[in-house]
Protein chains: 2
Amino acid sequence: MRIDELDTPAVIIDLDMLEANIVRLQTYLDEHHIANRPHIKTHKIPAIAHKQLQAGAIGVTCQKLGEAEVMAQAGVGDIFLPYNIIGASKLERLMELARTTHLSVTADSPQVVRGLSSASQQAGLTLDVLVECDTGGQRCGVQSPASAADLARLIASAPNLRFGGLMTYPSDPRFDDFVRATRDLLAGDDLRVERVSGGGTPRVWQAHQTRELTEYRAGEYVYGNRRQVQVGSMRVEDCAMQVICTVVSRPTAERGILDGGSKTLTSDPFPDGGHGLILEYPEANIYALSEEHGHVDFAKSAHRPEIGERVTVIPNHCCTVTNLFDEVYGVREGEVEVVWPIEARGLVR
Amino acid sequence: MRIDELDTPAVIIDLDMLEANIVRLQTYLDEHHIANRPHIKTHKIPAIAHKQLQAGAIGVTCQKLGEAEVMAQAGVGDIFLPYNIIGASKLERLMELARTTHLSVTADSPQVVRGLSSASQQAGLTLDVLVECDTGGQRCGVQSPASAADLARLIASAPNLRFGGLMTYPSDPRFDDFVRATRDLLAGDDLRVERVSGGGTPRVWQAHQTRELTEYRAGEYVYGNRRQVQVGSMRVEDCAMQVICTVVSRPTAERGILDGGSKTLTSDPFPDGGHGLILEYPEANIYALSEEHGHVDFAKSAHRPEIGERVTVIPNHCCTVTNLFDEVYGVREGEVEVVWPIEARGLVR
C-alpha cells in the first residue's frame with residue numbers, strides 16, 4: 001500500500017529517517033563514551049526499541065511502569081524507570097518487573113526509598129536506585145548535593161536497595177557541579193557514584209559538554225518534530241514522524257480546514273504559535289485546532305490547496321501524538337512497509 | 001472497589017452528577033421545544049449515549065465516522081455526522097453506516113455534495129444533507145445565506161440526496177438572521193429548512209434565545225470541566241469527570257508533583273492559565289505539565305499535601321482527556337459501580 005492510499009488522518013514514520021536518527025545519536029554518544037539509553041515514551045513501540053538496542057543502546061528508559069511492562073514483555077532486558085514509584089499496587093508490579101528484567105529506578109525522598117526497600121525485601125531481591133536531582137529543571141529531584149548525599153546514604157543503608165548513581169532532567173553542565181559536590185560528600189562513605197544519567201533531545205548534541213555524564217536518555221531524537229527543529233537540534237529532513245491530513249474545507253480564499261485537530265496533533269504549544277508545519281505549504285499557519293479540525297491560514301501561500309488534497313504535517317511534539325494513535329505506518333519511498341501497533345499507548349499507570 | 005483503591009492516574013465519572021447533568025439539559029431543551037442531539041465526542045461511550053437517549057434525546061451527534069460506527073454498532077438508531085466526508089474509503093463506510101442507522105451529514109462545498117451524491121447513487125439509498133454555515137465560528141461552513149441557498153439547491157437537485165436543513169457551530173442569535181435570510185432565498189424553490197441545528201455547551205442555557213433552532217448539539221454538559229465553570233455554564237459541583245492523581249514528589253516547600261501530566265490532563269489551555277482545578281487544594285496552581293508529571297505550586301495553600309496523598313483534579317477540557325484513556329470508572333458515593341471502556345477513543349478517521 002502506498003501512503004496516498006492511507007485513510008487520513010494517519011501517522012507515518014519515514015523508516016529511512018528513523019534509522020538514520022538512531023545511527024546518528026548512537027555514533028555521537030559512542031564517540032564521546034556516553035552510554036545510550038533512549039527514552040521510549042516518544043514511540044512506545046517495542047520494535048523501535050529493539051532497533052535502538054541493535055544499534056548499540058545499553059537499555060531503554062521508560063517514564064511509566066505500564067510502558068516498562070510492555071518493553072519487558074517484548075524482551076527488552078535492561079530498563080531504567082526514573083519515576084517515584086509509590087503505593088502497594090505499583091510496588092508489587094515493580095517487583096514482578098524486576099524479576100524478569102534488569103531494572104533500575106529513581107527516588108527523590110525518604111518516603112519513596114522506604115517503599116522501594118520494603119517491597120524489595122518482601123520480594124527477596126535487590127533494586128538499583130538512583131537519586132533524582134533537580135539541577136534547574138524544577139520538576140522532581142532533591143535540591144542540593146547535601147540532600148543527594150543524604151538520600152544516597154539512606155538508599156545504601158536500606159535493606160535490599162543499592163545506590164545506583166545520580167539522575168537529572170534535563171541535563172546541562174550545571175549537573176557537573178552537582179555531581180562533583182555530591183561525590184565529594186560521599187567520599188568518606190565508600191559510596192561510588194556509578195551512573196550519572198542525563199537526558200533531553202534539545203541539548204543532546206552538547207551532551208559531551210557535561211563531563212560527568214555516563215549515560216544519556218533522549219526520546220524525541222528518534223522521530224523529530226517542529227520543536228526540535230526550532231531549537232536547532234534536528235532538521236526538517238530528520239523529522240520521521242509525519243501526520244497525513246486531508247483538506248476538508250476551503251470556506252474562504254485564505255482559510256483551509258484539515259481533518260486533524262487537537263485529537264490528532266495535540267494542543268502542545270509552540271513558542272512562536274502554530275500547531276504544526278505543513279511540508280507542502282511551509283508558509284501556511286495552523287493557527288487554531290478544534291478537536292477534529294485544524295484551522296489553517298494560507299494567506300502567505302502563493303499556491304493554495306484544493307478540497308480533498310492531502311498534506312503532510314510535522315507536529316509540534318511527537319511524544320504526545322504517539323499517545324493519541326493506536327498504530328503508525330512505517331514507510332519507505334512512499335510504500336507502507338510495516339504497521340506498528342503503539343503497544344504502550346495510554347499506559348499512564 | 002472504592003475510589004481510594006484505584007491505581008492513579010485514573011478518570012472517574014460521578015454517576016449522580018452525570019445523570020443530573022443529562023436530566024438538566026433534557027428538561028431545559030424540552031421546555032423550549034428544542035430537540036436534544038447530544039455530542040458523543042465528549043464521552044465516546046455507548047452506555048452514556050443510551051442514558052442520553054433514554055432521557056429523551058432524539059439521536060446523537062458524532063464528529064468522526066469511526067465514532068458513528070461505534071455508536072451504530074451499539075444500537076444508536078439516529079446519528080448526525082456534521083463533518084465533510086471526503087474520499088472513496090470514507091464514503092464507502094458512510095454508506096454502510098447509512099444502511100444500519102438513520103444518518104444525516106453536512107456539506108459546505110459542491111465537492112463534498114458531489115461525493116455524497118455519487119456514493120449514495122451507487123449504494124442505492126437517499127442521504128439527508130444539511131448545509132454547514134459559518135455564523136462567526138470561523139471553522140468550516142458557507143459564508144453567506146446566498147451561498148447556503150446555492151448549496152441547498154445543489155443538494156436538492158443532486159441524485160439520491162435530500163436537503164436536510166442548516167447547521168452551525170457554535171450557535172448564537174446571529175444564526176437566526178442567517179437562517180431567515182436563507183429561508184427567504186429558498187422560498188421560491190419549494191425547499192423547506194426542516195432542521196436548524198445549533199451547538200456548544202458554553203452557551204447551551206441561552207439556546208432558546210436563538211429562536212430558529214430546532215435541535216441542539218451539546219457535548220461537554222455531560223461531564224463538565226474547568227472551562228465550563230469559568231464561562232459560567234456549569235458549577236464545580238456539576239463536574240462529573242474527575243482525574244484522581246497521586247502526589248509523587250514534594251521537592252520544595254511550595255512545589256508538588258502529580259503523577260499526571262499532558263498525557264493524562266492534555267495541554268488544552270485555559271484562559272487564565274493552569275491545567276486543572278485540584279478540589280482538595282483549590283488555591284493550588286497546576287502551572288506546568290510534563291508528559292507524565294503535573295507541576296503544582298502550593299504557595300497559596302495553607303495546608304499542603306504529603307507525598308503519596310491522592311488528589312482530585314477537574315481538567316480544563318474533558319473531551320480531550322476522554323481521548324487519552326482506555327476506560328473510565330463510574331462511581332457513586334465513593335464506590336466503583338461500573339467500568340466503561342471508551343469504545344470510540346482515538347477513532348479520528
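Residues numbered from 1 in each chain as written. Chains lettered and ligands numbered in written order. Predicted model: local features only at pLDDT ≥ 70, side-chain atom pairs only at ≥ 80, totals over all residues.

Structural notes on the overall build of chain A
No. 1: The helix and strand tally for chain A stands at 10 helices and 17 strands.
No. 2: Taken over C-alpha atoms, the radius of gyration comes to 22 Å for chain A, in line with the 20 Å a tight globule of 349 residues would show.
No. 3: Reported as C-alpha extents along the three principal axes, the dimensions of chain A are approximately 70 × 35 × 35 Å.
No. 4: The proportion of buried residues among the 349 residues of chain A is 56%. (Helix = DSSP H or I, 4+ residues; strand = E, 2+ residues; numbered from the N terminus. Rg over C-alpha atoms; globule rule 2.2 N^0.38 Å. Buried ≥ 20, exposed ≤ 12 C-beta atoms within 10 Å, placed from the backbone.)

A short note on the relation of the copies chain B and chain A
No. 1: Superposing chain B onto chain A takes a rotation of 180 degrees combined with a translation of 0.0 Å along the rotation axis, leaving an RMSD of 0.0 Å. Expressed as an axis order, the relation between the two copies is that of a two-fold axis. Rotation axis and chain B: the residue whose C-alpha lies nearest the axis is B:Ser267, separated from it by 2.7 Å.
No. 2: Both copies present the same face, since 100% of the interface residues in chain B are matched by interface residues at the equivalent positions in chain A. (Least-squares fit on C-alpha atoms with pLDDT ≥ 70 in both. Contact = placed C-beta atoms within 7 Å.)

Comments concerning the packing of helix α6 (residues 145-157) of chain A against helix α7 (residues 174-186) of chain A
All names here are of chain A.
No. 1: Interaxial distance between α6 and α7 falls to 8 Å at its minimum, and their mutual angle equals 50 degrees. With respect to their mutual orientation, α6 and α7 come out oblique. In this structure, α6 meets α7 at a crossing whose hand is right-handed. Residues Pro145, Ala146, Ala148, Ala149 and Ala152 of α6 lie in contact with α7, whose contacting residues are Phe178, Ala181, Thr182, Leu185 and Leu186.
No. 2: Broken down by class, the residue content of the contact of α6 with α7 amounts to 9 nonpolar, 1 polar and no charged. (Axes fitted to C-alpha atoms, helices over the stretch in contact; angles between N-to-C directions. Parallel < 35°, antiparallel > 145°, perpendicular 65-115°, else oblique. Left-handed = near helix turned anticlockwise from the far one by under 90°. Nonpolar A, V, L, I, M, F, W, Y, C, P; charged D, E, K, R; others polar.)

Looking at the interface of chain B and chain A
No. 1: Contacts between chain B and chain A engage 49 residues on the former and 49 residues on the latter.
No. 2: Elements represented by at least two residues in the side of chain B that touches chain A include exactly α4 (88-100), β10 (241-249), α9 (262-265) and α10 (318-322) of chain B.
No. 3: Residue classes in the side of chain B that touches chain A are distributed as 12 nonpolar, 24 polar and 13 charged.

A word on the domain arrangement of chain A
All names here are of chain A.
No. 1: Taken domain by domain, chain A comprises domain 1 (3-9 + 227-341) and domain 2 (32-224).
No. 2: Measuring from the centre of the C-alpha atoms in domain 1 to the corresponding centre in domain 2 gives 34 Å.
No. 3: Facing the 12 residues of domain 1 at the interface are 14 residues of domain 2.
No. 4: Those elements that provide at least two residues to the side of domain 1 that touches domain 2 are α8 (226-231) and α10 (318-322).
No. 5: For the side of domain 1 that touches domain 2, the residue count by class is 8 nonpolar, 3 polar and 1 charged. (Domains from an automatic or database assignment.)

Details of the packing of helix α4 (residues 88-100) of chain A against helix α5 (residues 110-123) of chain A
For any two helices packed against each other, one specifies the inter-axial angle together with the distance between the axes.
Residue and element names in this part refer to chain A.
No. 1: It is at 10 Å that the axes of α4 and α5 come closest, and there the two elements cross at 55 degrees. As far as their axial angle goes, α5 and α4 are oblique. Relative to α5, α4 is oriented so that their crossing is right-handed. Contacts from Leu91, Leu94 and Met95 in α4 reach Gly115, Ala119, Ser120 and Ala123 in α5.
No. 2: Of the residues in the contact of α4 with α5, the class split is 5 nonpolar, 2 polar and no charged.

Thoughts on the sheet that holds strand β7 (residues 161-168) of chain B
As a general point, the strands of a sheet are linked pairwise by backbone hydrogen bonds and lie either parallel or antiparallel.
Residue and element names in this part refer to chain B.
No. 1: Pairing is parallel in the open sheet, where 8 strands are placed in the order β2-β9-β8-β7-β6-β5-β4-β3. Across the chains shown, the open sheet's two edge strands, defined by having one partner strand only, are β2 (35-36) and β3 (60-61).
No. 2: As judged from the 3 bridges shared by β7 and strand β8 (residues 195-199), these two strands associate in the parallel manner. Paired with Met167 across the two strands is Ser197, which belongs to β8. (Pairing = 2+ DSSP bridges.)

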